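An overview of the molecular structure
Here are the chains, one letter per residue:
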Amino acid sequence: MTYHVPYPRSAGEYADLAALPKLYAAMEKLVEEQGMTRLLHFEQQLTVVLAAMEHDGIAIDRQGVEDFGVYLSEQIEEMQQMVYDEAGHTFNIGSPKQLGEVLFGEMQLPHGKKTKTGYSTNADILEKLRGEYAIVDYVLKWRQYAKLKSTYVDGLLKTVGADGRIHTVYKQTETRTGRISSTEPNLQNIPVRTELGRNMRKFFVAREGCVLLDADYSQIELRLLANLSGDRQMQEAFLSGADIHAATAAQVFGMPREMVTPEMRSAAKAVNFGILYGMGAFSLSQDIHVSVRQANQYIQNYMAQFPSVGAFMEKTVDTARINGYVTTYFQRRRPVPELLASNKMVQAAGKRIAMNTPIQGTAADIIKLAMIKVFRALRDQGLRSRLILQVHDELLIEAAADEEEYVKTLLAEEMRHAADLAVTLEVDVKSGRNWFEAH
């Protein structure tokens, strides 16, 4: 979009600055026309919250991180030697070209896929060989340890301030979904998938006389799907307090809830989240290890039981194709030019973006509103507890020990009422001396 703003040449070298009021007025008018005035206002209010969080930072157990780094270095050396023993010689494990030549050239392992630069050694290919060939297990472990050491140990230690705290930088305009991002360092990608990676959270600690409170929205995206689609079956499942994945399993497999097995619940959970992200039958079949035909049947059963969900997804994609964008509940826009691409794979990606953005983007908007409410409640009540970290659907507070129980209640209430929806938001709050204990 081009803005035609009169250029006040009489202002000389300050002409650009002198043009700002008229540019602001033009942009404010555009925001109003697009129904995003409320969104702009709470983004502006959020800047104060983020500035305070950046200033306060989060305490780090520096010695603990250093000791963990020593442990990882020992594991890296051990795995490296085991790889060399299997290969029969030394080589640079970190070089995809050399590793590919050893695995698929010398050792003739299956699934070798040659590219212009040599054999591919990406995670997908190596995961197919995990458990069958010892060298592959050792390589994957070596990669895990090396990644933890370089990114999360060495990387974090470089960013510890003189006050013994890490002061990340939050960005409001980096992501296309509206989520806040974190950089220098990125505290939103501290590992959670592996037990070893989760140990990193032990080194984020509360200052003396405080505890950490971790509040997490429970299944916020599925609750938002129930709200935005208006599906009565799904809404009733949430409102009755039922286990949504077990309830979905009962619907999809056509049986009483008490007969749902853990395997059925797990499959239903994958379907629930697969629908959110526009997952097709093939991807679902890979996730839950069933045939494509079976996965397709699960999706069809799901859509039959929750008809408003399918209608909502279709309408969202159709509207995005016509308008060129999708919107969140709070009218945040995301352009989806991929839907009009000639390439079918790009079109499919656009369809997934169109389906998921209203859900994920609304969740991002809600956590921002929650941050503003929590920050103001703590400040206005003169409490010493501080909001110090945000990670997607999770807020972390450093609470004065004598305020812990009160702030737990305050945190849950402010987050729960961040938005007025048909299906209420639920919040889990835990506490601990460090982030690992509190999560």
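Quick look at the structure, then. (Residues numbered from 1 in each chain as written. Predicted model: local features only at pLDDT ≥ 70, side-chain atom pairs only at ≥ 80, totals over all residues. Heavy atoms only, no water.)

**Overview of empty space enclosed by the protein**
Under the convention used in this document: Both site types are read off a 1 Å grid over the protein atoms alone. A 1.4 Å probe that fits but cannot get out defines a cavity, while an open set with protein on both sides within 12 Å along at least five of seven lines defines a pocket; lining residues have an atom within 4 Å of a point. Grid points are joined across faces, edges and corners, and a volume is the space filled by probe spheres set on the points. A run of H or I in DSSP becomes a helix once it reaches four residues, and a run of E becomes a strand once it reaches two; helices and strands are each numbered from the N terminus. Throughout, the ten residues Ala, Val, Leu, Ile, Met, Phe, Trp, Tyr, Cys and Pro are labelled nonpolar, Asp, Glu, Lys and Arg are labelled charged, and all others, Gly among them, are labelled polar.
Inspection of every chain in the model, using the stated rule, returns one cavity of 30 Å³ or more. One number sums up the size of the largest cavity: a volume of about 30 Å³. Contributing to the lining of the largest cavity are Val-49, Ala-52, Met-53, Asp-56, Phe-375, Arg-386 and Leu-387. Of all the secondary structure elements, the ones that give two or more residues to the lining of the largest cavity are helix H3 (37-56) and strand E11 (386-391). If one sorts the elements of the lining of the largest cavity by residue count, H3 sits on top with four residues. Taken together, the residues that form the lining of the largest cavity break down as five nonpolar, no polar and two charged.

**Description of helix H16 (residues 344-380)**
To keep things clear, this is the line we draw: The span expected for a helix works out to 1.5 Å for each residue beyond the first. A residue's bend is simply the angle between two axes: one fitted to the seven residues ending at it, one to the seven starting at it. Throughout this description, a polar contact denotes any pair of N or O atoms lying within 3.5 Å of each other; where both atoms belong to protein, one of them has to be capable of donating a hydrogen while the other can accept it, and for residues adjacent in sequence the pair is counted only when both atoms sit in side chains.
The end-to-end C-alpha distance of H16 is 53 Å, a good match for the 54 Å that 37 residues give at a rise of 1.5 Å each. If you look at H16, its biggest bend is around 40°, right at Thr-357, and the proline Pro-358 turns up within four residues after that. With a side-chain oxygen positioned 2.8 Å from the backbone nitrogen of Met-345, the residue opening H16 is Asn-343. Immediately beyond the C-terminal end of H16, within one or two residues, lies Gly-382, with a positive phi of roughly 65°.

**A few points about the layout of surface pockets**
One simple way to see leftover space: roll a probe sized like a water molecule over the atoms. In this structure, the largest pocket encloses a volume near 1,200 Å³. Forming the walls of the largest pocket are 36 residues, and the residues nearest its centre are Val-192, Arg-193, Arg-201, His-392 and His-439. Of all the secondary-structure elements, those providing two or more residues to the lining of the largest pocket are helix H7 (134-157), strand E8 (210-217), helix H9 (220-229) and helix H12 (262-276). With six residues, the single largest contributor to the lining of the largest pocket is H7. Considered class by class, the residues forming the lining of the largest pocket number 14 nonpolar, 10 polar and 12 charged.

**Concerning the sheet that holds strand E1 (residues 58-60)**
Strand pairing in a sheet takes place through backbone hydrogen bonds and is either antiparallel or parallel in direction. For clarity, the threshold we go by: Note: two strands are recorded as paired if DSSP finds a minimum of 2 bridges between them.
One open sheet accounts for three strands, arranged E4-E1-E7; its pairing is antiparallel. Every other strand in the sheet has two partners, leaving strand E4 (165-166) and strand E7 (204-205) as the edge strands with one partner each.

**Let's talk about the sheet that holds E11**
As a reminder of what qualifies: Lines are fitted to the C-alpha atoms to define the axes, a helix being fitted only along its stretch in contact, and any angle between axes, read from their N-to-C directions, falls within 0 to 180 degrees. Contacts are assigned to residue pairs that have any heavy atoms within 4.5 Å of one another.
A sheet is described by the order of its strands in space; here four strands give the open sequence E11-E12-E8-E13, paired in antiparallel fashion. Edge strands, defined here as strands with exactly one partner in the open sheet, are E11 and strand E13 (427-432). Across the sheet, the axes of successive neighbouring strands diverge by a mean angle of 20°, strand direction being ignored. Pairing analysis gives seven bridges linking E8 to strand E12 (residues 394-400), with the strands arranged antiparallel. Each residue of the ladder has a partner; that of Asp-214, found in E12, is Leu-396. Where H16 meets the sheet, its contacts fall on E8, E11 and E12, and the angle it forms with E12 comes to roughly 10°.

**Description of the nonpolar core**
Our working definition: Residues enter a nonpolar core if they are buried and are Ala, Val, Leu, Ile, Met, Phe, Trp, Tyr or Cys, with the set joined through side-chain atoms within 4.5 Å. Per-residue accessibility, obtained with a 1.4 Å probe over protein chains only, is compared with the maximum for each type, and a residue is labelled buried under 20%, exposed over 50%, and partly exposed between these values.
Judged by nonpolar contacts, the single largest core of 127 residues is most densely connected at Tyr-217, Ile-366 and Met-415. Looking at this core, the element that brings in the most residues is H16, giving 15 residues. One finds Ala-249, Val-260, Met-264 and Ala-268 within the second-largest nonpolar core, a separate group that totals five residues.

**A look at the side chain of Gln-172**
By secondary structure assignment, the location of Gln-172 is in the loop between strand E5 (169-171) and strand E6 (181-183). Here the side chain of Gln-172 touches Glu-43 through a polar contact of 2.7 Å, side chain to side chain. Sequence-distant contacts of Gln-172, defined by excluding residues within four places in its chain, comprise Glu-43, Leu-46, Thr-47, Leu-50 and Lys-368.

**Here we look at the packing of helix H11 (residues 244-253) against H12**
Basically, it comes down to this: Throughout, the term roughly parallel applies to angles under 35 degrees, roughly antiparallel to angles over 145, roughly perpendicular to angles from 65 to 115, and oblique to all others.
The contact between H11 and H12 brings their axes to 8 Å, and the two run at 95°. When the axes of H11 and H12 are compared, the pair comes out roughly perpendicular. Across from Ile-244, His-245, Ala-246, Thr-248, Ala-249 and Phe-253 in H11, the residues of H12 making contact are Met-264, Arg-265, Ala-267, Ala-268, Lys-269, Asn-272 and Phe-273. Class assignment for the residues of the contact of H11 with H12 results in eight nonpolar, three polar and two charged.

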